[in-house]
Amino acid sequence: MVSLTKRFTKLAIFGGLSFILTASGLWLYWDAIQYMMTSGKLPTLDFQFEEFMSKHDDIVDDMMTKYDKIMKMEVKEPSVGNLVYAPENLADYQRENATLLMLVRNKELITALQAIETVESQFNHKFQYPYVFLNDKEFTDKFKKSITEKVSGQVFFETIDKESWDRPDWIDSAKESERIKVMRKYNVGYADKLSYHNMCRYYSRGFYNHPRLQQFKYYWRFEPGTHYHTSIDYDVFKFMSANDKTYGFVISLYDIERSIETLWPETIKFIEQNPQFVDKNAAWDWLTEKKQNPQKTRIANGYSTCHFWSNFEIGDMDFFRSEAYTKWVDHLDATGGFYYERWGDAPVHSIGVTLFQDRSKVHWFRDIGYYHAPYYQCPNNPQADGKCKVGKFSFPNLSDQNCLINWIEMATDNELNMY
Ligand SMILES: Nc1nc2c(ncn2[C@@H]2O[C@H](COP(=O)(O)OP(=O)(O)OP(=O)(O)O)[C@@H](O)[C@H]2O)c(=O)[nH]1
Ligand SMILES: [Mg+2]
């Protein structure tokens, strides 16, 4: 009985105190609101925010109008005089030293087959380039058999060695967990998925040195579940070689700024120590643009986050094997940023190809219709399969993620007159 009375008294005191604290908290809060309203501070803040948002919306609308106009212009293929078309007789065809490349898991067989189907029907049955499939685990017999039945060219199934794929031992796991928590708070996709970090690191700094890939110069990366909407009748690898291109892309987007906060500062650190690697026609203006999404540039510490979306890319691996790129990605790797943050291979490739070489080496494949959820490139190409609407980019609320116009406005004239 005594203990019950004691408990009741404690509860009453606790309840009373809580009430007083809450009431005084509310009172202070009300006081603060009144102060802001009478001093005019609240309306000012509100006004600035609205002004910022309307400017932002105007810029996005302007970019999308430009995008729409460009995509609606009819294009079929680059208007350079040196395109090489599909040969009559494939047996005698002198291919470029190139391969189609997919990093993939056994469980992605169905979506891998879907992607192969359009790569084959739109392009490769006409040229029969070889394929390389990479995996951090052994491919199953079922996977190998199903893929081999679908492809027209030679096919290699390769495993990645653990040292190149796995998280290095020296990564500080306490720091990593702490950083993952922060990134999760900011909704950074895949922040807590170790295999995704490994994948991004491998595509940033390893794949081009895989023993199988060492024999090739060019690669066309493609992914499970992607779709090609246009018939590609010329040899894209020969196009790259004959026109002095080292990197080709279709879609360009802003990144999640919280995934790459220190990527740019680390890059600046590297180039301060190695200024000789920076090309005199590097795309500084493009890399540091801050008009459309200034908060991204601010949080990424100076990098706009705009990048070439790397799930489709055609690249020259000799560039990635160069001294400049190699030393830079080794520097990046040593910071642990692939694990303490969630650096993607797309921003890494994009910074590399626009900083360490002339911007004119990068080519926008404006004629290729492409889809990787949730983004499209749908050119007005008479060769298109009609399954994507000309000019369609994505859901309207994602328009502000499109930064292709930045590249178009900052690339060289020669590149823009290609179509
Ligand atoms: N072998 C292997 N391949 C992987 C692994 N993680 C991702 N990949 C492949 O790496 C590529 C990129 O992975 P995705 O999961 O598509 O990454 P993403 O495009 O950023 O994300 P989504 O928007 O979900 O497609 C794809 O070709 C995947 O099949 C992995 O752990 N092992
Ligand atoms: Mg993907």
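This is a predicted model, so every value here is computed, not measured. (Residues numbered from 1 in each chain as written. Chains lettered and ligands numbered in written order. Predicted model: local features only at pLDDT ≥ 70, side-chain atom pairs only at ≥ 80, totals over all residues.)

Caption draft 1: Representation of the UniProt feature "active site" (unreviewed entry) in the protein. The positions UniProt marks with the feature "active site" (unreviewed entry) are Glu313. By secondary structure assignment, the location of Glu313 is in strand S9 (residues 313-316). Its 23 C-beta neighbours within 10 Å are what place Glu313 among the buried residues. With sequence-adjacent residues up to four places away left out, Glu313 is seen in contact with Arg221, Tyr247, Gly248, Phe249, Phe308 and His349. (UniProt positions renumbered as here; feature names shortened; annotations may be inferred. Helix = DSSP H or I, 4+ residues; strand = E, 2+ residues; numbered from the N terminus. Buried ≥ 20, exposed ≤ 12 C-beta atoms within 10 Å, placed from the backbone. Contact = placed C-beta atoms within 7 Å.)

Caption draft 2: Representation of the nonpolar core. Core analysis: the biggest nonpolar cluster contains 87 residues, and Tyr219, Val236, Phe249 and Tyr370 have the highest contact counts within it. Looking at this core element by element, the count peaks at six residues for helix H3 (residues 109-127). Setting aside residues up to four positions removed in sequence, Phe249 forms contacts with Phe308, Trp309, Phe312, Glu313, Trp364 and Phe365. (Core = buried A, V, L, I, M, F, W, Y, C linked by C-beta atoms within 7 Å.)

Caption draft 3: Region of the structure containing helix H9 (residues 263-273). For H9, the set of buried residues is Leu263, Trp264, Thr267 and Phe270. Down the axis of H9, the sector holding all buried residues measures 120°, keeping them to one side. Of the exposed residues in H9, the ones pointing more than 90 degrees away from its buried face are Glu272 and Gln273. Those residues of H9 that are buried lie in contact with helix H13 (323-334), helix H14 (337-340) and helix H15 (345-355). (Arc of directions from axis to C-beta.)

Caption draft 4: Geometry of the environment of Glu223. In this structure, Glu223 sits in the loop between strand S4 (218-221) and strand S5 (227-228). For Glu223, a count of 17 C-beta atoms within 10 Å puts it in the partly exposed group. For Glu223 and Ala115, which are 108 residues apart along the polypeptide, the C-alpha to C-alpha distance reads 6.8 Å. When neighbours within four sequence positions are excluded, Glu223 is seen to be in contact with Met102, Ala115, Asn311 and His372.

Caption draft 5: Highlighting helix H7 (residues 194-205). For H7, built from 12 residues, the straight-helix expectation of 16 Å at 1.5 Å per residue is met to within 8% by its first-to-last C-alpha distance of 17 Å. When H7 is considered as a whole, its buried residues turn out to be His197, Cys200, Arg201, Tyr202, Tyr203, Ser204 and Arg205. Residues of H7 that are buried sit in contact with strand S1 (98-103), helix H5 (162-165), H13, H14 and H15. (Expected span 1.5 Å × (residues − 1).)

Caption draft 6: Spotlight on the site of ligand 1. Close to ligand 1 lie 13 residues, the nearest being Val104, Asn135, Ser195, Met199 and Glu223. Listing elements by their share of the shell around ligand 1, those giving two or more residues are S1 and H7. Here the shell around ligand 1 gets three residues from one element, more than from any other, and that element is H7. (Near = placed C-beta within 6 Å.)

Caption draft 7: Local environment of the pairing of S4. Neither face of S4 is open: one carries Tyr218 and Trp220, the other Tyr219 and Arg221, and all of them are buried. Strand direction decides the pairing type here: S1 and S4, joined by four bridges, are parallel. When the sheet's bridge partners are listed, Thr99 is paired in S4 with Tyr219. Bridging between S4 and S9 involves four bridges; their strand directions are antiparallel. Within the sheet, the bridge partner assigned to Tyr219 lies in S9 and is Gly315. (Pairing = 2+ DSSP bridges.)

Caption draft 8: Spotlight on the sheet that holds S1. Pairing in this open sheet of seven strands is mixed, and the strands run S3-S2-S1-S4-S9-S6-S10 from one edge to the other. Looking at the sheet topology across the chains shown, the edges are occupied by strand S3 (155-159) and strand S10 (362-364). When the angles between neighbouring strand axes are averaged without regard to direction, this sheet yields 20°. Both strand S2 (residues 131-135) and S3 contribute to a ladder of five bridges, which runs parallel. (Axes fitted to C-alpha atoms, helices over the stretch in contact; angles between N-to-C directions.)

Caption draft 9: Summary view of the confidence of the model for the protein. Per-residue confidence for the protein averages 91 on the pLDDT scale, and 87% of its residues sit at or above 70. Looking across the protein, the model is least confident in helix H1 (residues 2-39), with a mean pLDDT of 44, and most confident in S4, with 99. Considering only residues more than four positions removed or in separate chains, one finds that residues 1-5, a stretch of pLDDT under 50, has zero contacts. Note on residues 17-46: pLDDT under 50 across the span, and three contacts to partners over four residues away in sequence or across chains. (pLDDT = per-residue confidence, 0-100.)

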